[in-house]
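Each chain, letter by letter, is given below.
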Amino acid sequence: MTEELFATDAYVRSCEATVREAGDEGVVLDRTVFYARSGGQPGDTGVLRWDGGELRVLDTVKRGGRLVHEVDGEPPDEGTAVTAEIDWDRRHTLMRTHTALHALSAIVFRDYDVKVTGGNMEPGVARMDFELESIDAEFGREVEEKLNAELAADRPVRVSFLPRAEALADPDLIRTKVNLIPELVDPIRVIEIEGLDKQADGGTHVRSTAEVGHVRVAKTENKGKAFKRMRIELA
Ligand SMILES: [Zn+2]
């Protein structure tokens, strides 16, 4: 098991670590700051450095329960001490993007009673799908205005770990289908945007909504019955 430093502090950019496994698949470390692709958030990229070598990390993924750094060359031997450093600008943009998506989903649920059915993000751009009967540019503008008002309110964003039983009893978390998380997961990691949103989530987020900056609703799309899409872009 790799200690996942990003789970408690998304702002750690680098760490010292030891290679536990190295092979064709990539490198597994005893601890890391690299977020592994999941929940719509891409895996981190960056660099591993050690005495006499350096490798780019092209992607980070979970494979068979292991957190794998995919590298573009011959990995260092097992037992090597390395410095693991993420591409911070890219990651920070992903943190802003991820927090923007949580705020967006909360607003659409709160003001229109509409549920999110999917979402995905790249640094600075994202899409979110809603169980909506209709969508148009006017709706997009209205949501954009609400979203920017909530972000500008500088709401704190907090990470916590709730005992599973407590999480299953929380009405806000029930809404976001916390019951679908595998039973072995306990405690459950929760991301709360104070006064706006609370959901079980493994991703990395900024400390405050003001750090997201301005967000534009770039496009609204009709993908089918009760399947409408909104694309957002960060300034
Ligand atoms: Zn999320």
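You'll find the structure just up there.
Computed from a predicted structure; not experimentally measured. For every chain, the first residue of the written sequence is number 1, and numbering continues from 1 onward in sequence order. Since the coordinates come from a predicted model, pLDDT governs what is reported: local features require at least 70, and pairs of side-chain atoms require 80 or more to be given and counted, while whole-chain, interface and lining totals use all residues. Where side-chain values are given, they derive from all heavy atoms of the structure, hydrogens and water being excluded.

J.: Just give me the short version of the pattern of salt bridges, but keep the residues and values in it.
T.: Salt bridges are defined as contacts in which a side-chain nitrogen from Lys or Arg sits within 4 Å of a carboxyl oxygen from Asp or Glu. Applying the stated rule across the entire model yields 24 salt bridges. Of the charged contacts, one joins Glu3 and Arg31 as a salt bridge, the two residues approaching to 3.7 Å between their closest N and O atoms. Of this pair, Glu3 sits in strand β1 (residues 3-4) while Arg31 is found in strand β4 (residues 31-32), placing the two residues 28 residues apart along the sequence. Between Arg110 and Glu150 there is a salt bridge, with its nearest N and O atoms 2.9 Å apart. Of this pair, Arg110 sits in helix α1 (residues 88-112) while Glu150 sits in helix α2 (residues 137-152); the two residues are 40 residues apart in sequence, bridging distant segments of the chain. A run of H or I in DSSP counts as a helix once it spans at least four residues, and a run of E counts as a strand once it spans at least two, with each numbered from the N terminus.

J.: For the coordination of the zinc ion, give the residues involved together with the corresponding values.
T.: Only nitrogen, oxygen and sulfur atoms count as donors, using a 2.8 Å cut-off from the metal that widens to 3.2 Å for Na, K and Ca. Water is left out, so coordination shells may look unfilled. Taken together, His98 (NE2), His102 (NE2) and Asp201 (OD) make up the protein donors of the zinc ion, found 2.1 Å from the metal. Between the donor residues of the zinc ion, the gaps in sequence give the motif H-x3-H-x98-D. Of this pair, His102 sits in helix α1 while Asp201 sits in the loop between β13 (197-200) and β14 (215-224); the two residues are 99 residues apart in sequence, bridging distant segments of the chain. For the pair shown, His102 and Asp201 are each scored as buried. Classification of residues uses two cut-offs on accessible area relative to the type maximum, computed with a 1.4 Å probe and protein chains only: under 20% is buried, over 50% is exposed, and between them is partly exposed.

J.: Requested: an account of the packing of α1 against α2, with residues and values cited.
T.: Inter-axis angles, ranging from 0 to 180 degrees, are taken between N-to-C directions of lines fitted to C-alpha atoms, where helices are fitted over the stretch in contact. Direction vectors running N to C along α1 and α2 enclose 115°, while the axes themselves pass 10 Å from each other. In this structure, α1 crosses over α2, and the sense of that crossing is right-handed. Here α1 contributes Ala100, Ala103, Leu104, Ile107, Val108, Arg110, Asp111 and Tyr112 to the contact with α2, which in turn contributes Phe139, Glu142, Val143, Lys146, Leu147, Glu150 and Leu151. Three categories are distinguished: nonpolar for Ala, Val, Leu, Ile, Met, Phe, Trp, Tyr, Cys and Pro, charged for Asp, Glu, Lys and Arg, and polar for the others, with Gly belonging to the last. When grouped by side-chain class, the residues that make up the contact of α1 with α2 number 10 nonpolar, no polar and five charged. With the far helix as reference, a near helix turned anticlockwise by less than a right angle produces a left-handed crossing, and one turned clockwise produces a right-handed crossing. The criterion used for residue contact is that any of the two residues' heavy atoms lie within 4.5 Å.

J.: Tell me about the nonpolar core, and name the residues and values.
T.: Put simply, a nonpolar core is a bunch of buried Ala, Val, Leu, Ile, Met, Phe, Trp, Tyr and Cys residues held in one set by side-chain atoms that sit within 4.5 Å of each other. Ranked by size, the top nonpolar core spans 50 residues in total, and within it Leu29, Leu48, Leu104, Phe130, Val215, Met230 and Ile232 carry the most contacts. The dominant element in this core, judged by the number of residues it contributes, is α1, at 10 residues. Excluding its chain neighbours within four sequence positions, the residues that come into contact with Ile232 are Ala100, Leu101, Leu104, Gly124, Val125, Ala126, Val215, Arg216, Val217 and Ala218.

Take it as geometry only, folks, not as evidence of what the structure does.
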